[in-house]
Amino acid sequence: MKDTQLAEPVEEDVDKERITPWVDAELVRRLRDLARRNRRTLSAETEIAIEKHVQAEQRSGQAV
């Protein structure tokens with residue numbers, strides 16, 4: 001399937017990669033609320049959440 005929403009990354013996003021996971025709608029709503037509260041984009045809030053999860057997994061000794 002061709003992704004028609006792909007856009008050229010802006011200079012600050014050169015080292016980033018777009019992913020498009022299917023996520024529970026309630027979880028997305030909560031992430032959007034957090035992003036608004038923290039004055040961040042949804043992408044930035046999602047990246048922070050993923051980083052925290054990966055760090056927690058690494059601290060607990062589980063493979064990522």
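In case you missed it, the structure is sitting above this.
What comes next is a walk through the structure. (Residues numbered from 1 in each chain as written. Predicted model: local features only at pLDDT ≥ 70, side-chain atom pairs only at ≥ 80, totals over all residues. Heavy atoms only, no water.)

Observations concerning the packing of helix α1 (residues 25–37) against helix α2 (residues 42–59)
Contact geometry for α1 and α2: axes closest at 9 Å, N-to-C directions at 110°. In terms of orientation, α1 lies roughly perpendicular with respect to α2. Contacts between α1 and α2 pair Leu-31, Arg-32, Leu-34 and Ala-35 from the former with Leu-42, Glu-45, Thr-46 and Ala-49 from the latter. Across the contact of α1 with α2, the residue classes break down as 5 nonpolar, 1 polar and 2 charged. (Axes fitted to C-alpha atoms, helices over the stretch in contact; angles between N-to-C directions. Helix = DSSP H or I, 4+ residues; strand = E, 2+ residues; numbered from the N terminus. Parallel < 35°, antiparallel > 145°, perpendicular 65-115°, else oblique. Contact = heavy atoms within 4.5 Å. Nonpolar A, V, L, I, M, F, W, Y, C, P; charged D, E, K, R; others polar.)

Details of α2
The end-to-end C-alpha separation of α2 is 26 Å, in line with the 26 Å expected for 18 residues at 1.5 Å each. Looking one or two residues beyond α2, the residue adopting positive phi is Gly-61, at roughly 85°. (Expected span 1.5 Å × (residues − 1).)

Describing the pattern of salt bridges
Under the counting rule described, the total for this entry stands at 5 salt bridges. Through salt bridges that share partners, Glu-26, Arg-29, Asp-33 and Arg-36 make up one connected network. (Salt bridge = Lys/Arg side-chain N within 4 Å of Asp/Glu carboxyl O.)

Thoughts on the side chain of Glu-45
Checked against the element boundaries, Glu-45 lands in helix α2. In this structure the side chain of Glu-45 is engaged in a polar contact, spanning 2.9 Å, whose partner is the side chain of Arg-40. Contact partners of Glu-45, with chain neighbours within four places excluded, come to Leu-31, Leu-34, Ala-35, Asn-38 and Arg-40. (Polar contact = N/O pair within 3.5 Å; in protein donor to acceptor, adjacent residues only side chain to side chain.)

Details of unusual backbone geometry
Phi at Arg-39 is positive, roughly 55°, even though this residue is not glycine. By the element assignment, Arg-39 lies in the loop between α1 and α2.

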